Amino acid sequence: MAELSFKDFASDQEVRWCPGCGDYSILKAVQRALATCGAEPAKTVFISGIGCAARLPYYIESYGFHTIHGRAPAIATGVKLANPELDVWVITGDGDGLSIGANHLLHALRRNIDLNILLFNNEIYGLTKGQYSPTSRIGTTSPSSPGGSVDNPVRPGAFAVGAGATFIARGIDIDQKGLPGILTEARAHRGAAFVEILQNCIVYNKDVFESISSRKTAADHQIRVQHGLPLLYGGNQEKGLRLNPRTLQLEAIQVGADGVEDVLVHDETNPTLALMLLNLEPPLPTAIGVIHRRQAEPFEQAFWNAKPRARRQRVVTLLHQGNLVDHRS
Amino acid sequence: MSQQLAEKNSHVVRFAGDSGDGIQLQGQQFTVASALAGHDLSTLPDFPAEIRAPAGTRYGVSAFQIQFGGERITTPGDAPDVLLAFNPAALTVNLPHLAPGALIIVDDSAFSAQRLRRAELTANPLEDGSLHDFHVCRVDISHLTLEAVKRFGLGAKDSARCKNLWALGLVLWMFDQPRDATAGWIQAKFANNEAVRNANLAALAAGHAYGETAELQHILSQHPIPEAPLDSVAYRTITGAEALALGLTAAGELADIELLFCSYPITPASALLHHLTGLGEAGVATFQAEDEIAAIGAAIGASYAGKLGVTSSSGPGIALKTEALGLAVAAELPLVVVNSQRAGPSTGMPTKTEQSDLHQAVYGRNADTPVPVLAARSPADCFETTIEAVRIALRHMTPVILLTDGYIANASELWPIPDIDAFKPIANRKPTDSMAESVWERDADGLARLWAAPGDARHIHRVGGIEKDIETGHISYDPANHQAMTDLRAAKVAIVADHLPEQAIEQGVAGGLAVVAWGSTFGAVYQAVKESLSDGLAVAQIHLRHLNPLPSNLGELLAGFEAVLVPELNNGQLATLLRDRLLIEVAQLNQVSGQPFPVAAVKAAIAEHAPARLVEAPTKEAVGKEIADQGVGRG
C-alpha cells in the first residue's frame, strides 16, 4: 500500500466545530499520527460517545461509530473482543468520560483492553452550552453554577492511575510538535492507552489552559517528561523536580543553586511517580508527555487465550448431551 | 385418614425445606429419574431470593414441584398430591396448596419445640389435628440419614447434609424410578472426596431401602406410573436457560456467524450466561461486563464488528439497556436482547415469575423506536424461538427482544431433540465478493442495510445515533429525511410479519371463545382449554410467539370468534396491545402473584366467558387422538 499522508485520513464531511476550537488541532494531530504510523483506514475504528469531542469520528477517513453518552469504552470493548486485529480508538471528553461514563472508563482501563482512549479535557460541558463539568475547577461560573461551582474536580490522570492503567499520557491540543508523537506512542502500546488532551473551549471556557499552552508562559508552566531523563523545565531547563523525603511530595528546585543531583529522573514504569506527576498543581508545572507506561497482558489476548476464535464443534453434539431418554426403536 | 394416595396416571410432587437443604438438587435429580422412567414432566423450582435464609423460617423455604406421568404433561400441577417437608415451616407454607387427601412425608425429628417456634407455630401440626384431611407419613429422616452414613466418619454437618438424597431415595422408591442417574451424578460431583461420595450414595440407597422394608404399607406404598406415549425419537430434559443457550448456539451455526454474548449477572437471567460459558468450541464467547449498559454496549460493538452480539437480563436491567437499544435501532445493527422477566416493579421478587415486561418490550423506548418482540412458550420452546429471533435480527438488521420469564428459565420439561438439519440456514446481509452495493442500499425482503464491518476496505463508513441521511448515511437534520427514516424504521419492523407463518389455532375450533395468550402461560392454558373442550365448551387456544409485529392474519382469525379471553401474568398488557393493534374487545384474566397460573383459574375464566358448543362436541377419544398426534412435549 502506498504511504498515506494525513490528508488521506480526512473524510468528505465538513468539520462543524466552532471556529478556533482546540478540537481542530487535535483532529489534525490524530490524522498526522495515523499517517506516521502507517495505519490502514479499513482496519481503524474511531468510537465516540456524546459531546463536542465525540463528533471527531465523522471527520476521519476510517470506520467510525458515534454512540451514546459515556458508553464508547463499552462499545469499543465489544468491537475489540469481536475483532482483536482492529486498531480501536475511543474519543471522549471530561463529561462523557468522567461523569456519565466514568464507570466504563474505569473498567476499560483496569481490564487493560487494547484501546487508544483520547479524553479531550476542556473542563466544561460544551455541547450543552457551558455548564460546569467534573473537571471544572472550584468556583467555575457557568449557567448551572452562577455563584461558582463548589464540586471538587476529578483529576483524569490520577483517576487512570487508580484504575490501574498501563499507559497514561497528557498532551495539549495546539501542540502539533508533541501531540502526534504522544498519540503514536499510545497506539503502539499494547493494552489500554489513556491520553488526556488539554483542549481549549473557545466559547465556554476560553483560555483555561492559557498559562500551560501559550508560547510565552509554557516553559515555566509545563514540564515535558521523558523516560530516563531528568525532570527539568524552564526556558533554559534551569528548574527541576525533586522528591522531598519528609513530605513525600515533589518540589521545584533551581538547578545549580540547589544542586542538580537531586533532580528526579523520570521512570515511566513507576505508578507512584506517575501519580505525583499527574497531581502537580501550580505553581508547580503541568506534566506533559508519556507519564506512565508498563507492560501487561492485554484483555482481548487473555480473553481469547482460553477459547477458540472460531467454531470447531457442531451444535448437534451439544443437543445430544445431558439426560437422554432414547425412544428410538 | 386411612385411604392411601390415589392411583393415577400422573402425580404432582413437591419437595420443600430450608434454602440450604439441597431441595433444588433433589428436584432436579428426581426430574432426571422421571424422564429416564419414560414419563412426561414439567417442573417448577420455587425458591427465595436469599441464598441461605435463616434456617427454619417460613420465608426461607425453598421448594421444587414436579408433575410427571404417563400422559402429556404441560404444567407443574396446581396442587401437589405428595409433599416432602423437611421442617415445620416447609409444611406450613405449602399446606394451603395441597390436593385434598395428599400424602405428606415429614422429617419427624425436625418438629422440635425450637423449630416450631422458628416457624412461628404455637402447636405441633403433626399432633394438633390440623393435618387430619391428609395422609401423614412421619419418618425420622435426619436420624435415619445419620445412621446410614455414620460409618464414613463425616462430621455432624456433612452427615446431616446427606438427608436430601436419603429422602430422594425414598421418593424414587415410591414411584419406582431409577436411581442410577443420581448415583452417577454423585460419583462425578464428589469424585475427589471419597467419604462424602460414599456417604451420599449410602444415603440414597438407604432411603430407597427404607421404602422397601419399612412396615409402612398402610400409609406408604409404591405407585408405579405408566410410560408416556412418546414419539420414537430421542428425548432429554431441558430447562429454558439451557434451551436458550442451545438455541443461540444453533442459530450461530445456522447463520455461520460467531456470537459474543455480553451480560451482567441478574436473577433470573444469569443461568443463560452460565450455560453459554464453556460453549467456546461451538462458536459462542461470553463476556461479563461491568454493568447492564456495558453489556448491551459490548454486544452492539460486537455486532458492529461483524459478530452477532447478544445480551440478556431481566426487567430492571433491560430498563438500563434501553438507550443503547435505541442506538442499535438507529445504527441498524443486529442484536438479540433476552429478557427473563421477573416480578416487579423495581427489585420486586427476583426469583418469582411474571409477564409484566411486554409493554416495556413493545413500547418502552424514547421516540418512535420499533423493535420486533418474540416470546417463548415453554422451556423447550426457547430453542426454536431463539433461532427465530436471530433469523429476524439478521434478516432485518435490527435488535430483537426475546421474552422469557423466571419460570421458563428454571423449569424443565421433556424435549424431543430436534433435527438441526431440518432448520433452514439463516441468511445475513454481509457483503459478498460480488456485491457492488453501498452500505445504505436496502433489500426488498428485509429493508436491511448492508452489514459492512471494519476490516472491509470497500465499505468504510461512519454511523451513529444522530439521524442519518437515508441515501448516504451522513448526518442529516433534514425534516423530510427524518420523516422518511422514521417511516423506514417502522416499515422494517412491520415487514417482519410478511415472513411469519400464519397464526394457527392450537386446539379447539373457531366460533366460540378464543383464549389468546403468550409466553409461559402456554402449559396452563393448554390444559385448561383441553379440559374445557372435554366439558363441551366452545373454546379454542391461540398462543402467540410473535408480539411485535403480530401475525398478519390474527385480526381476521379472531374475528371468527364470539369472544376473546386474554389470560396473562400481568395487569393486562397483551389485552391492551390487542385492543391497540386490532381494535377488538377482549376480556382479561390477570394474576400477578409471582406464581404461574393454576389450570383451575384459567378453566374457571373459560367457563365464565365461553358459550356452550354450538356444534356437537368431539368425543373424548377424538380429543385424545388430537393430543396424541401432536406428540408429547411439543407445545
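These numbers were taken from a predicted model, which means no experiment stands behind them. (Residues numbered from 1 in each chain as written. Chains lettered and ligands numbered in written order. Predicted model: local features only at pLDDT ≥ 70, side-chain atom pairs only at ≥ 80, totals over all residues.)

A count of helical and extended segments in chain A gives 11 helices and 12 strands. In chain A, which comprises 329 residues, the proportion classed as buried is 52%. The long-range share in chain A, meaning contacts at least 24 apart out of those at least 6 apart in sequence, stands at 65%. (Helix = DSSP H or I, 4+ residues; strand = E, 2+ residues; numbered from the N terminus. Buried ≥ 20, exposed ≤ 12 C-beta atoms within 10 Å, placed from the backbone. Contact = placed C-beta atoms within 7 Å.)

So, on to the overall build of chain B. Counting secondary structure elements, chain B contains 21 helices and 21 strands. In terms of C-alpha radius of gyration, chain B reaches 26 Å, essentially the compact-globule figure of 26 Å for 635 residues. Its C-alpha atoms give chain B principal-axis dimensions of about 85 × 65 × 50 Å. Looking at chain B residue by residue over its 635 residues, the buried ones come to 55%. For chain B, long-range pairs separated by at least 24 residues make up 77% of all intrachain contacts whose partners lie at least 6 apart in sequence. (Rg over C-alpha atoms; globule rule 2.2 N^0.38 Å.)

Moving on to the sheet that holds strand S9 (residues 284-288) of chain B. Read across the open sheet, the 7 strands follow the order S9-S8-S10-S11-S13-S12-S19 (chain B); overall the sheet is mixed. Edge positions in the sheet fall to S9 and strand S19 (546-548) of chain B, since each has one partner strand and no second. The mean angle between the axes of side-by-side strands here comes to 25°, regardless of whether they run parallel or antiparallel. Taken strand by strand, helix H2 (residues 72-82) of chain A contacts strand S8 (259-263), S9 and strand S10 (308-313) of chain B, and its axis lies near 150° from that of S8 of chain B. Against the sheet, helix H14 (residues 381-396) of chain B engages S10, strand S11 (335-341), strand S12 (373-375) and strand S13 (399-405) of chain B, with an angle of about 165° to S13 of chain B. (Pairing = 2+ DSSP bridges. Axes fitted to C-alpha atoms, helices over the stretch in contact; angles between N-to-C directions.)

Within the largest apolar cluster, 283 residues are counted, with the highest numbers of intra-cluster contacts made by Ile 47 and Val 195 of chain A together with Ala 298, Val 515 and Ile 606 of chain B. At 10 residues, helix H9 (residues 240-255) of chain B tops the list of elements feeding residues into this core. When near neighbours in sequence (up to four residues on either side) are disregarded, Ile 47 of chain A contacts Pro 57, Phe 65, Thr 67, Ala 72, Ile 75, Ala 76, Val 79, Val 88, Trp 89 and Val 90 of chain A. Counting 5 residues, the second-largest nonpolar core is a separate cluster that includes Ile 124, Tyr 125, Tyr 132 and Tyr 204 of chain A. (Core = buried A, V, L, I, M, F, W, Y, C linked by C-beta atoms within 7 Å.)

All names here are of chain B. You can see Thr 145 is positioned in helix H4 (residues 141-149). A tally of 26 C-beta atoms within 10 Å means that Thr 145 is categorised as buried. In this structure the C-alpha to C-alpha distance between Thr 145 and Leu 204, which are 59 residues apart in sequence, comes to 9.1 Å. Discounting residues that sit within four places of it in the chain, Thr 145 has contacts with Ala 160, Cys 162, Lys 163, Trp 166 and Ala 203.

Here we come to the confidence of the model for chain B. Regions with low pLDDT should not have their predicted coordinates read in detail. Residues and elements named next belong to chain B. Of all residues in chain B, 95% attain a pLDDT of 70 or more, and the chain-wide mean is 93. The low-confidence segment residues 622-635, where pLDDT is below 50, has 27 contacts with residues more than four positions distant or belonging to other chains. Of the two predicted TM-score estimates for the complex, the pTM is 0.94 and the ipTM is 0.97. (pLDDT = per-residue confidence, 0-100.)

Each partner contributes to the interface: chain B provides 59 residues, whereas chain A provides 50 residues. Elements with a contribution of two residues or more to the side of chain B that touches chain A: helix H1 (23-36), strand S7 (234-239), H9, S8, S9, helix H11 (292-304), helix H12 (315-331) and strand S15 (462-464) of chain B. The element contributing the most residues to the side of chain B that touches chain A is H11 of chain B, with 9 residues. Counted by class, the side of chain B that touches chain A contains 34 nonpolar, 14 polar and 11 charged residues. (Nonpolar A, V, L, I, M, F, W, Y, C, P; charged D, E, K, R; others polar.)

Now for the domain arrangement of chain B. All names here are of chain B. Splitting chain B by domain gives domain 1 (10-213), domain 2 (236-422) and domain 3 (507-630). Listed by partner, the interface residues are 13 residues for domain 1 and 10 residues for domain 2. For the side of domain 1 that touches domain 2, the secondary structure elements donating two or more residues are H1 and strand S2 (40-46). Sorting elements by how many residues they give to the side of domain 1 that touches domain 2 places S2 first, with 6 residues. In terms of residue class, the side of domain 1 that touches domain 2 is built from 9 nonpolar, 3 polar and 1 charged. (Domains from an automatic or database assignment.)

A few words now on helix H1 (residues 22-36) of chain A. All names here are of chain A. Across its 15 residues, H1 extends 21 Å between first and last C-alpha, which sits within 8% of the 21 Å expected from 1.5 Å per residue. Considered for burial, the residues of H1 that qualify are Gly 22, Asp 23, Ile 26, Leu 27, Ala 29, Val 30, Gln 31, Ala 33 and Leu 34. On the buried face of H1, the contacting elements are strand S1 (44-48), strand S4 (116-121), helix H6 (179-188) and strand S6 (193-198). Looking one or two residues beyond H1, the residue adopting positive phi is Gly 38, at roughly 70°. (Expected span 1.5 Å × (residues − 1).)

Bringing the sheet that holds S15 of chain B into the picture now. The pairing of strands in a sheet happens through backbone hydrogen bonds and is either parallel or antiparallel. Overall, mixed pairing links the 9 strands, which are arranged S7(A)-S11(A)-S5(A)-S6(A)-S4(A)-S3(A)-S1(A)-S2(A)-S15(B) in an open sheet. Of all the strands in the sheet, the pair left with one neighbour each is strand S7 (222-225) of chain A together with S15 of chain B. Sheet twist, expressed as the mean angle between neighbouring strand axes with direction ignored, is 20°. Examined bridge by bridge, S7 of chain A and strand S11 (residues 286-293) of chain A share 4 bridges and lie parallel to one another.

As a further point, take unusual backbone geometry. Residues and elements named next belong to chain A. That bond from Pro 282 to Pro 283 is cis: its omega, 10°, falls within 30 degrees of zero. Mapped onto the fold, Pro 283 is located in the loop between helix H9 (271-278) and S11. For Leu 248, which is not glycine, the phi torsion reads 50° and is therefore positive. Following the sequence through the fold, Leu 248 ends up in the loop between strand S9 (239-244) and strand S10 (249-254).

Residues and elements named next belong to chain A. Topologically, Ile 168 is positioned in strand S5 (residues 167-172). As a C-alpha pair, Ile 168 and Ile 288 span 120 residues in sequence and 10 Å in three-dimensional space. When sequence neighbours within four positions are dropped, the list of residues in contact with Ile 168 reads Gly 157, Ala 160, Val 161, Phe 194, Ala 274, Leu 278, Ile 291 and His 292.

Bringing the pairing of strand S14 (residues 412-416) of chain B into the picture now. Residue and element names in this part refer to chain B. Within S14, 4 of the 5 residues are buried, leaving the element largely enclosed by the surrounding structure. Here S7 runs beside S14; their pairing, made up of 5 bridges, is antiparallel. Paired with Arg 236 across the two strands is Trp 415, which belongs to S14.

Where helix H4 (residues 102-111) of chain A is concerned, the buried positions are His 104, Leu 105, His 107, Ala 108, Leu 109 and Arg 111 of chain A. Phi turns positive, to about 65°, at Asn 112 of chain A, one or two residues after H4 of chain A.

Residues and elements named next belong to chain B. Direction vectors running N to C along H1 and helix H6 (residues 163-174) enclose 30°, while the axes themselves pass 10 Å from each other. What the angle tells us is that H1 and H6 run roughly parallel. For the pair H1 and H6, the sense of crossing is right-handed. In this structure, H1 contributes Ile 23, Leu 25, Gln 26, Gln 29, Phe 30 and Ala 33 to the contact, and H6 contributes Asn 164, Ala 167, Leu 168, Val 171 and Leu 172. Per-class residue counts for the contact of H1 with H6 are 8 nonpolar, 3 polar and no charged. (Parallel < 35°, antiparallel > 145°, perpendicular 65-115°, else oblique. Left-handed = near helix turned anticlockwise from the far one by under 90°.)

It is worth spelling out the environment of Arg 293 of chain A at this point. Residue and element names in this part refer to chain A. With respect to the helices and strands, Arg 293 occurs in strand S11. Residue Arg 293 is classed as buried on the basis of its C-beta count, with 20 C-beta atoms lying within 10 Å. Sequence-distant contacts of Arg 293, defined by excluding residues within four places in its chain, comprise Thr 166, Phe 167, His 189, Glu 268 and Thr 269.

All names here are of chain B. The geometry of H6 relative to helix H8 (residues 194-213) is characterised by a closest axis approach of 7 Å and an angle of 40° between their N-to-C directions. Taken as axis vectors, H6 and H8 run oblique relative to one another. Our pair here, H6 against H8, has a crossing hand that is right-handed. On the side of H6, the interface is formed by Leu 165, Trp 166, Ala 167, Leu 168, Gly 169, Leu 170, Leu 172, Trp 173 and Met 174, while H8 contributes Asn 200, Ala 203, Leu 204, Ala 205, Ala 206, Gly 207, His 208, Tyr 210, Gly 211 and Glu 212. In terms of residue class, the contact of H6 with H8 is made up of 13 nonpolar, 5 polar and 1 charged.

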